[in-house]
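Structural overview for review
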Amino acid sequence: MKYIIIENKEQHDDELHDDIADFLWNRGNEVFIRNNTAIDFQNIIKYCNHIVLLIQNSSSELHSERDLKGFIRFFELENCQNKKTIFVFSNNGVYSNAIPFPHKIFHFEQLNKNELIHFFSWSNKFNLFNTNKETTNQ
């Protein structure tokens, strides 16, 4: 599977960003990180199966579909929100549009390294982000 990781521009935490990228990469996935070039970003979005949003500020909790739409606009993802699986890492948990959104698939007390470790452990039980090498070339 192919993932692009996009984080909010208001705050940057390389450690959490890198932890998520490493976790996905170590499970056989291709991982891209958004750069500042709009053309490259739009091309990568078309190429990827999944979008990971890392939202790290005090108001980054999702409580409603309206909150999600605000983040979708912020990250300029309006054209692909129904075509791609989106995972949103926010201060109060991980959300996904894989089932009716907003649906919290994992709860955080606060987005930090310890909470990510718990999420990664939980997701391993379900092979949530693992990739089967034989199916990635289809």
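Our subject is the structure listed above.
Conventions we followed
- Position numbers for residues count from 1 along each chain, tracking the sequence in the order it is written.
- Totals for whole chains, interfaces and linings use every residue, but because this is a predicted model, local features are given only for residues with pLDDT of at least 70 and side-chain atom pairs only at 80 or more, for both listing and counting.
- Calculation of side-chain values draws on the structure's entire complement of heavy atoms; hydrogens and water are dropped beforehand.
- The rule for pairing is simple: two strands pair if DSSP sees at least two bridges between them.
- Where helices and strands are cited, they refer to DSSP runs of H or I of at least four residues and of E of at least two residues respectively, numbered from the N terminus.
- Orientation is described by lines fitted to C-alpha atoms, with helices fitted over the stretch in contact, and by angles between N-to-C directions that extend from 0 to 180 degrees.
- Contacts were defined at the residue level, with two residues in contact if any of their heavy atoms lie within 4.5 Å.
- Nine residue types can take part in a nonpolar core, namely buried Ala, Val, Leu, Ile, Met, Phe, Trp, Tyr and Cys, and a core is a set of them joined through side-chain atoms within 4.5 Å.
- Categorising residues by exposure relies on relative accessible area from a 1.4 Å probe, with only protein chains included: less than 20% of the type maximum marks a residue as buried, more than 50% marks it as exposed, and the intermediate range marks it as partly exposed.
- Throughout this description, a polar contact denotes any pair of N or O atoms lying within 3.5 Å of each other; where both atoms belong to protein, one of them has to be capable of donating a hydrogen while the other can accept it, and for residues adjacent in sequence the pair is counted only when both atoms sit in side chains.
- For a helix, the expected span equals 1.5 Å multiplied by the residue count minus one.
- The directions from the helix axis to the C-beta atoms are what the arc is built from.
- Pairing of aromatic side chains requires ring centres within 6.5 Å, counting the rings of Phe and Tyr and the six-membered ring of Trp. Pairs whose planes differ by under 30 degrees are stacked, by over 60 edge-to-face, and all others tilted.

Turning our eyes to something else, we now look at the sheet that holds strand β5 (residues 93-96). The pairing of strands in a sheet comes from backbone hydrogen bonds and takes either a parallel or an antiparallel form. Taking strand neighbours across the sheet as the criterion, the 6 strands line up as β2-β1-β3-β4-β5-β6 in an open arrangement whose pairing is mixed. Looking at which strands have only one partner, the edges of the open sheet turn out to be β2 (30-33) and β6 (103-107). When strand polarity is set aside, the average angle formed by the axes of neighbouring strands in this sheet is 20°. Of the strand pairs in this sheet, β5 and β6 are connected by 4 bridges, and their pairing is antiparallel. Its bridge partner being in β6, V94 is matched across the sheet by F106. Along the sheet, helix α4 (residues 113-125) contacts β4 (85-90), β5 and β6; its crossing angle with β6, the most-contacted strand, is approximately 110°.

We now examine the environment of I6. Structurally, I6 can be placed in strand β1 (residues 2-7). Remark: the alpha-carbon pair of I6 and I55, spanning 49 residues in sequence, is separated by 8.6 Å.

This brings us to the nonpolar core. Ranked by size, the top nonpolar core spans 20 residues in total, and within it I20, L24, V52, F89, F108, L116 and F119 carry the most contacts. At 5 residues, the largest contribution of residues to this core is made by helix α1 (residues 14-25). Ignoring sequence-local partners within four residues, the contact set of L116 consists of L16, D19, I20, F89, F108 and L111.

Within the secondary structure, N29 sits in the loop between α1 and β2. A polar contact of 2.9 Å, which involves the side chain of N29, links it to the backbone oxygen of L24.

Turning to α4, a few remarks are in order. Two residues of an α-helix separated by three or four positions point the same way, owing to the 3.6 residues in each turn. Along its 13 residues, α4 runs 19 Å from first to last C-alpha, staying within 8% of the 18 Å computed at 1.5 Å per residue. Taken residue by residue, α4 has E115, L116, F119, F120 and S123 as its buried positions. Looking down the long axis of α4, one finds its buried residues gathered within 140° of arc, a one-sided arrangement. The exposed set on the far side of α4, more than 90 degrees from its buried face, consists of N114, H118 and K125. N127 sits one or two residues past α4 and shows a positive phi near 50°.

When you line up the elements, I51 lands in strand β3 (residues 50-54). The class of I51 is buried, set by a relative accessible area of 1%. I51 sits 20 residues away from V31 along the chain, and the two C-alpha atoms are 9.9 Å apart.

Quick look at unusual backbone geometry now. Although it is not a glycine, N127 adopts a positive phi angle of roughly 50°. For N127, a relative accessible area of 48% puts it in the partly exposed group.

Both faces of β5 are covered, namely the face carrying G93 and Y95 and the face carrying V94 and S96. Where β4 meets β5, 4 bridges bridge the pair, whose relative direction is antiparallel. Bridge pairing links S90 to G93 in β5. Here β4 folds back onto β5 in antiparallel fashion, the turn holding 2 residues.

Time to look at the packing of aromatic side chains. Tallying each qualifying case throughout the model produces 13 aromatic pairs. With centroids separated by 4.0 Å and ring planes inclined at 10°, the aromatic side chains of F23 and F120 adopt a geometry described as stacked. You can see F23 sitting in helix α1 and its partner F120 sitting in helix α4, a full 97 residues away along the chain. Per residue, the accessibility class of F23 equals that of F120, and both read buried. Seen from their ring centres, F119 and F129 are 6.0 Å apart, and the 65° between their planes marks the pair as edge-to-face. Pair noted here: F119 is in helix α4 and F129 is in the segment after α4, with a separation of 10 residues, a long-range link. F129 matches F119 in its accessibility class, with the two residues each being buried. Through pairs of rings, three or more aromatic residues link up here, namely Y3, F23, F87, F89, F106, F108, F119, F120, W122, F126 and F129.

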